[in-house]
Amino acid sequence: RMIPPGRFFPLAEKYGLMPQLDRWVVQHVTEWVAHQNLQGGQREGSMFFINISETTIIDPGFPEFLQLTLLEYGVSGAALCFEITDSELASRTAEVAEFARQVRQCGCRVALSGFGRDRVLFDLIRGFRVEFLKIDGSVILDILRDPVKLAKATAINRVAKNIGVQTIAELVESEEIIAKLREVGIDFAQGFGISRPRPLGG
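Residues numbered from 1 in each chain as written. Predicted model: local features only at pLDDT ≥ 70, side-chain atom pairs only at ≥ 80, totals over all residues. Heavy atoms only, no water.

Draft legend 1. Quick peek at unusual backbone geometry. Located in the positive-phi region is Leu-171, a residue other than glycine, with phi close to 60 degrees. Its location among the elements puts Leu-171 in the loop between β5 (166-169) and α9 (175-184). For Leu-171, a relative accessible area of 38% translates into the label partly exposed. (Helix = DSSP H or I, 4+ residues; strand = E, 2+ residues; numbered from the N terminus. Buried < 20%, exposed > 50% of the residue type's maximum accessible area, 1.4 Å probe, protein only.)

Draft legend 2. Broad picture of the packing of aromatic side chains. Tallying each qualifying case throughout the model produces eight aromatic pairs. Ring centres 5.8 Å apart and planes at 85 degrees place the aromatic pair Phe-62 and Phe-82 in the edge-to-face group. Separated by 20 residues along the polypeptide, Phe-62 in helix α4 (residues 62-73) and Phe-82 in strand β2 (residues 80-85) bring together distant segments of the chain. Neither Phe-62 nor Phe-82 differs from the other in exposure class; each is buried. On the basis of an interplanar angle of 65 degrees and a centroid distance of 6.2 Å, the ring pair of Phe-132 and Phe-188 is categorised as edge-to-face. Taken together, the residues span a long stretch of sequence, with Phe-132 in strand β4 (residues 132-135) and Phe-188 in strand β6 (residues 188-189) at a distance of 56 residues. With relative accessibility at 5%, the residue Phe-132 sits in the buried group. Through successive ring pairs, a cluster of aromatic residues spans Phe-62, Phe-65, Phe-82 and Phe-99. (Phe/Tyr/Trp six-rings, centres within 6.5 Å; stacked < 30°, edge-to-face > 60°.)

Draft legend 3. Representation of the layout of surface pockets within the structure. If you add up the space inside the largest pocket, you get close to 1900 Å³. Taken together, 41 residues make up the lining of the largest pocket; nearest its centre are Met-47, Phe-48, Phe-49, Gln-190 and Leu-200. The set of elements that each furnish at least two residues to the lining of the largest pocket consists of α2 (18-39), β1 (48-51), β2, β3 (109-115), β4, β5 and β6. At five residues, α2 tops the list of elements feeding residues into the lining of the largest pocket. Looking at the lining of the largest pocket residue by residue, the classes come out as 17 nonpolar, 15 polar and nine charged. Put simply, the second largest pocket is a space of about 510 Å³. Residue lining of the second largest pocket: 20 residues in total, with Phe-8, Phe-9, Met-18, Leu-21 and Asp-22 positioned closest to the centre. Contributions of two or more residues to the lining of the second largest pocket are made by α1 (5-14), α2 and α3 (54-57). If one sorts the elements of the lining of the second largest pocket by residue count, α2 sits on top with six residues. Across the lining of the second largest pocket, the residue classes tally to 13 nonpolar, four polar and three charged. (1 Å grid on protein atoms, 1.4 Å probe; cavity = no way out; pocket = protein on both sides within 12 Å on 5 of 7 lines; lining within 4 Å. Points joined across faces, edges and corners; volume = space filled by probe spheres on them. Nonpolar A, V, L, I, M, F, W, Y, C, P; charged D, E, K, R; others polar.)

Here it is as structure tokens:
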């Protein structure tokens, strides 16, 4: 039977299965991208964001697996962007920096997700190269009714632009929020207001 992610992921973590799950996702996404490229159905410059677990970040064999998978399917690393949470960066700064360096050697990119959930810690990204900063959905969800949340999103976006990082708003639920994000100048958005989740094949 199908079980929801909220029940599945804790079990995968408990039994040490997250590295295998992460590799499965990378392999299947890369295979799908290669198929789309062959069929001519892939929009040029498309990028696929993959959440990565803490155990994969410290897995010394993952970068080689990534490189071999990209070579096997003939897919450019630029098609993949790996998401790391700000809490992982805070607790494992050196390991995250090394992980980011190694996946970039494969041509992939890195996003920092969940930014602004608690405190806004710009010190986290000082000296840490990241292509995208994902503003946490808890901030974005309330920007129309909470001036403090709007100010927080605006400040994060402004600082990100100053250091040459693009911003992505998480948990975008409506056209009204999309309009406000455009007004603020945030680069990209994700959420039900953009598209419902669907299988790769859909």
